[in-house]
Amino acid sequence: MWTTGDELLRQLGALGNPHRLRIVAALRAERTYVSKLARELRISRALLQVHLRKLEAAGLVEASFEVGEDGKTLRFYELTPFSVVLTPETIAAAVPTLTTPESVQRDGEEGRT
């Protein structure tokens, strides 16, 4: 669960992409390593890494390293427990915690005359 408006925006931004939604769905079934996940999703490891970093920055997945049977280090990803509840009340509670520039806040207030 998010605690600030900025965290809510990071989570929503991270989930606002079809590749990342597919990653979350795949990781729901099991934690796995990057190469296997890339094969399952049929995307390049480089593209997968970009999306995994975004999900990790939002606190939705976490990575750990393990040494495989062949001695290679594998980066495993798994979901972190999260819940995004969007109601007018949760959004209203998040807004005062946003760290937006003052100019953006002023622009929003100009329309309320």
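Residues numbered from 1 in each chain as written. Predicted model: local features only at pLDDT ≥ 70, side-chain atom pairs only at ≥ 80, totals over all residues. Heavy atoms only, no water.

An account of the overall build of the protein is requested, with residue identities and associated values reported.
Helix and strand content of the protein: 6 helices and 3 strands. Along the protein, helices and strands appear, N-terminal first, in the series α-α-β-α-α-β-β-α-α. For the protein, with 113 residues in total, the buried portion stands at 28%. Sequence separation of 24 or more characterises 51% of the internal contacts of the protein that already satisfy a separation of 6 or more. A total of about 7,500 Å² of accessible surface is found on the protein, and carbon and sulfur atoms cover 55% of it. (Helix = DSSP H or I, 4+ residues; strand = E, 2+ residues; numbered from the N terminus. Buried < 20%, exposed > 50% of the residue type's maximum accessible area, 1.4 Å probe, protein only. Contact = heavy atoms within 4.5 Å. Areas by Shrake-Rupley, 256 points an atom, 1.4 Å probe, with all protein chains shown as cover.)

Explain the environment of E30 residue by residue, including any values.
Along the chain, the position of E30 falls in the loop between α2 (18-29) and β1 (32-33). Between the alpha carbons of E30 and E78 there is a distance of 7.2 Å; along the sequence they are 48 residues apart. Beyond its immediate chain neighbours, meaning those up to four positions away, E30 contacts K36 and E40. Side chain to side chain, E30 and K36 meet in a polar contact 3.2 Å long. (Polar contact = N/O pair within 3.5 Å; in protein donor to acceptor, adjacent residues only side chain to side chain.)

If you had to explain a nonpolar patch on the surface to someone new, which residues and values would you point to?
A contiguous nonpolar patch, built from L12, L86, I91 and V95 and spanning about 320 Å² of accessible area, is present on the exposed surface. Looking at the element boundaries, L12 is found in helix α1 (residues 5-15). The exposure class of L12 is partly exposed, given its relative accessible area of 34%. (Patch = residues over 30% accessible without salt bridge, like charges linked within 9 Å, V, L, I, M, F, W, Y side chains within 5 Å. Salt bridge = Lys/Arg side-chain N within 4 Å of Asp/Glu carboxyl O.)

Mind laying out the side chain of T90, listing which residues take part and the relevant values?
If you trace the backbone, T90 turns up in helix α5 (residues 88-94). Judged by its relative accessible area of 17%, T90 falls in the buried class.

Let's hear about the pairing of strand β2 (residues 61-67): which residues, and what values?
With 7 bridges connecting them, β2 and strand β3 (residues 73-79) associate as antiparallel partners. Looking at β3, one finds that F65 is bridged to R75. A loop of 5 residues connects β2 with β3, the two strands running antiparallel in sequence, and G71 in this loop sits at a positive phi of about 90°. (Pairing = 2+ DSSP bridges.)

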